[in-house]
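Residue-level structure breakdown
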Amino acid sequence: MSTRNLLILLSALFTVSLGVGLAGMILDNAALNRAGILATISTATGLVCTTLRHTSRISDRERDEIHNAGYKLGLQHVTLGLLDTPPSGGTVVPLRPDVPRQHERQAQ
C-alpha cells in the first residue's frame, strides 16, 4: 500500500474515531467514549509515522540529481587540485607541478 493511500485511510479512521469519542461524550456512554479515545490515539500514532515516512522519501529522479551533483563536485575538486588522484599502479599525472619549497624562516 502506498503512503498516499495509507495517509487517506488513516485520516478517515482518525475522523471516525474522533466522531465515536464525541458521540460517547454527548451520549454519556463511557464504553463508547473510551473506544473513541483509544482509536484516536492509535490512528494519530499511525498518521504521524506515515506522514514522517512520506515526507522523508525522495524520488529516483531526485536521487540521481543528487548523485550527479556530487560527482560533478568531485570532478571540480580534482581539476582544482583539491583532491589528489590515488596511486593505482598506473601512471599518475600530477595536477600541479612540484614547486621547490623555499627555506622557511625559523623563530629566533
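First, a word on scope: everything that follows refers to the structure included in this document. In this text the structure is predicted, and so the values were computed from the model without any measurement. (Residues numbered from 1 in each chain as written. Predicted model: local features only at pLDDT ≥ 70, side-chain atom pairs only at ≥ 80, totals over all residues. Heavy atoms only, no water.)

1. Side note on the pattern of salt bridges
What the rule picks out here adds up to one salt bridge. One salt bridge in this structure joins R61 and E65, with 3.1 Å as the shortest N-O distance. Of this pair, R61 and E65 are both found in helix α3 (residues 60-80), four residues apart, which corresponds to roughly one turn of the helix. Note on E65: relative accessible area 45%, which makes it partly exposed. (Salt bridge = Lys/Arg side-chain N within 4 Å of Asp/Glu carboxyl O. Helix = DSSP H or I, 4+ residues; strand = E, 2+ residues; numbered from the N terminus. Buried < 20%, exposed > 50% of the residue type's maximum accessible area, 1.4 Å probe, protein only.)

2. Focus on the environment of S42
Position of S42 relative to the elements: it lies in helix α2 (residues 30-56). According to the relative accessible area criterion, S42 is partly exposed, its value standing at 44%. Sequence spacing of S42 and L10 is 32 residues, and the spatial spacing of their C-alpha atoms is 9.7 Å.

3. Describing the packing of helix α1 (residues 3-26) against α2
Two elements in contact, α1 and α2, have axes separated by 8 Å at closest approach and are oriented at 160°. Overall, the two elements α1 and α2 adopt an arrangement that is roughly antiparallel. Here the hand of the crossing between α1 and α2 comes out left-handed. The residue inventory of the contact of α1 with α2, partitioned by class, reads 13 nonpolar, 13 polar and two charged. (Axes fitted to C-alpha atoms, helices over the stretch in contact; angles between N-to-C directions. Parallel < 35°, antiparallel > 145°, perpendicular 65-115°, else oblique. Left-handed = near helix turned anticlockwise from the far one by under 90°. Nonpolar A, V, L, I, M, F, W, Y, C, P; charged D, E, K, R; others polar.)

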